[in-house]
Amino acid sequence: MPQDPMDFEWSYWIEWGREHILWLLAGHLLVSQMSRLLVEKYKPWCLMVYGMAACWLLLGIKGFAVILLHAAISFAVAQFQLSLLTWLCSIILLSTLRIPAVEETKRKWYDTENEYYLLLFTVSVRCLFCTSFSLEYCWHAPTQKSSHSFPWMLAYVFYYPTFHNGPLVNFDEFSKQMRRREAFSVKTNLSILIVGIVRILFWWCLAELMIHLMYIHALYSSALPLESASYWALGGLALAQVLFFYVKYLVLYGVPGLLLQMDGLKPPALPCCVSLMHSFTTMWR
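Per an unreviewed UniProt entry, the protein carries the name HHAT palmitoyltransferase and comes from Chaetops frenatus. Here the protein is described in UniProt, under the heading Subcellular location (unreviewed entry), as follows: "Endoplasmic reticulum membrane". Of the comments in the UniProt record for the protein, the one headed Sequence similarities (unreviewed entry) reads "Belongs to the membrane-bound acyltransferase family. HHAT subfamily."

Okay, structure coming up:
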């Protein structure tokens, strides 16, 4: 049965996931577990090097250079320790993505629009991470800045599970948990991995069923069926739309969240079920 093709985000990330990203995430998992087992002290740097290599592989040397340049500019501006300047820097860096000449130049780096969009999404999310690092650098006293070095910023920015699409992890939490030494148990980690994979596969299958059977987005793209539908039907369609949104992000954030757990970090909470919420504010967060 053909699927509803109108949800660009789901189709886009599933295509990239099957072809490249899931394999690179599996590589990250292997590097992470080996470094935790053998060289716990150097785990952040092993993961940083792997993230840089994965970025280079998917985005090419020019895409890698753009992200590195954004990180270097953000770090340099953070040295002034002015929050307003940090925000201005982040807004200017983001605005460069919409300059027509810059857009055209970046498109020429790639053979397909999907590759260009991957760079666009990745740079946008990396900008959030650079902003988090820079603001926390501004807010901390000089005695607390030992962990706010440029190598630590690169380890944070190029951390691969959250690299392309998030979720956002604050720098302070990331560095604190990365530095923490804890007992490593292969058996415990294996059980976390198996349970996590089973849950994500369940959510993934549910999302695929919804997109193959319900055609929510296709209905919304055409005015005719909406005009003829009753208020109850429109309410049901709206609920189905947000429920699919919820299930979609259980998958898109569940995969990196599982890898964060495997790395010994605490992942951000997954979205709450929209049927239990009276306000959508926390959903957007």
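Draft legend 1. Structural detail: the overall build of the protein. Per the secondary structure count, the protein includes 12 helices and zero strands. Reading the protein from its N end, one meets helices and strands in the order α-α-α-α-α-α-α-α-α-α-α-α. By the compact-globule yardstick of 19 Å for 285 residues, the protein fits well, its C-alpha radius of gyration being 21 Å. Looking at the protein as a whole, 45% of its 285 residues qualify as buried. Across the protein, the fraction of contacts at a sequence separation of at least 24, relative to all contacts at a separation of at least 6, is 76%. Of the roughly 15200 Å² of accessible surface on the protein, 70% is carried by carbon and sulfur atoms. Treating the 20 positive side-chain charges of the protein as one cloud and the 18 negative ones as another, the clouds have centres 12 Å apart.

Draft legend 2. Broad picture of the UniProt feature "transmembrane region" (unreviewed entry) in the protein. UniProt's feature table lists "transmembrane region" (unreviewed entry) at residues 20-39, 46-69, 75-95, 116-135, 150-169, 190-211 and 231-252, given in the numbering used throughout. As a span, residues 75-95 carries 81% helix and 0% strand, and end to end its C-alpha atoms are 18 Å apart. Helix makes up 100% of residues 116-135 and strand makes up 0%, while its end C-alpha atoms are separated by 29 Å.

Draft legend 3. The arrangement of the layout of surface pockets in detail. By volume, the second largest pocket amounts to about 290 Å³. Around the second largest pocket, the lining comprises 13 residues; the ones closest to its centre are L22, I197, I200, V255 and L258. For the lining of the second largest pocket, the residue count by class is 13 nonpolar, no polar and no charged. In terms of domain composition, the lining of the second largest pocket takes at least three residues from each of domain 1 (9-179) and domain 2 (185-284).

Draft legend 4. Seen up close, empty space enclosed by the protein. Under the counting rule described, the total for this entry stands at two cavities of 30 Å³ or more. Empty space within the largest cavity amounts to approximately 280 Å³. Residue lining of the largest cavity: 17 residues in total, with W13, I21, L25, L252 and V255 positioned closest to the centre. Residue assignment for the lining of the largest cavity shows that the elements contributing at least two residues are α1 (8-38) and α11 (231-262). Take the lining of the largest cavity: its biggest share by element is six residues, from α1. In this structure, the lining of the largest cavity is formed jointly by two domains, domain 1 (9-179) and domain 2 (185-284), each of which donates at least three residues. Here the second largest cavity is characterised by a volume of approximately 40 Å³. Taken together, S74, V77, A78, T86, C89, S90, C130, T131 and S134 form the lining of the second largest cavity. For the lining of the second largest cavity, the secondary-structure elements that each account for two or more residues are α2 (43-78), α3 (83-95) and α5 (113-139). The residue inventory of the lining of the second largest cavity, partitioned by class, reads four nonpolar, five polar and no charged.

Draft legend 5. Highlighting the packing of aromatic side chains. Counting across every chain of the model gives 27 aromatic pairs. Residues F64 and F158 carry aromatic rings whose centres are separated by 5.6 Å and whose planes lie at 40° to one another, so their mutual orientation is tilted. Separated by 94 residues along the polypeptide, F64 in helix α2 and F158 in the loop between α6 (150-157) and α7 (171-179) bring together distant segments of the chain. Neither residue differs from the other here; F64 and F158 are each classed as buried. Each residue in the set F75, F129, F133, Y137, F150, Y156, Y159, F171 and F174 is aromatic and connected to the rest through ring pairs, giving one cluster. We note R126 situated over the ring of F129; from NZ or CZ to the ring centre the distance is 4.0 Å.

Draft legend 6. Inspection of α6 at higher detail. Taken across its eight residues, α6 has six buried, putting it largely inside the fold. Residues W152, M153, L154, A155, Y156 and V157 constitute the buried set of α6.

Draft legend 7. Just the pattern of salt bridges, in detail. All told, the structure shown has seven salt bridges when counted by the stated rule. For R107, the salt bridge identified is with E113, shortest N-O distance 2.9 Å. Overlapping salt bridges, with partners in common, bring together R98, E103, R107 and E113 in one network.

Parameters at a glance
- Residues numbered from 1 in each chain as written.
- Predicted model: local features only at pLDDT ≥ 70, side-chain atom pairs only at ≥ 80, totals over all residues.
- Heavy atoms only, no water.
- UniProt positions renumbered as here; feature names shortened; annotations may be inferred.
- Helix = DSSP H or I, 4+ residues; strand = E, 2+ residues; numbered from the N terminus.
- Rg over C-alpha atoms; globule rule 2.2 N^0.38 Å.
- Buried < 20%, exposed > 50% of the residue type's maximum accessible area, 1.4 Å probe, protein only.
- Contact = heavy atoms within 4.5 Å.
- Areas by Shrake-Rupley, 256 points an atom, 1.4 Å probe, with all protein chains shown as cover.
- Lys, Arg positive; Asp, Glu negative; His and termini not counted.
- Charge placed at Lys NZ, Arg CZ, Asp CG, Glu CD.
- 1 Å grid on protein atoms, 1.4 Å probe; cavity = no way out; pocket = protein on both sides within 12 Å on 5 of 7 lines; lining within 4 Å.
- Points joined across faces, edges and corners; volume = space filled by probe spheres on them.
- Nonpolar A, V, L, I, M, F, W, Y, C, P; charged D, E, K, R; others polar.
- Domains from an automatic or database assignment.
- Phe/Tyr/Trp six-rings, centres within 6.5 Å; stacked < 30°, edge-to-face > 60°.
- Lys NZ or Arg CZ within 6 Å of the ring centre and 35° of its normal.
- Salt bridge = Lys/Arg side-chain N within 4 Å of Asp/Glu carboxyl O.

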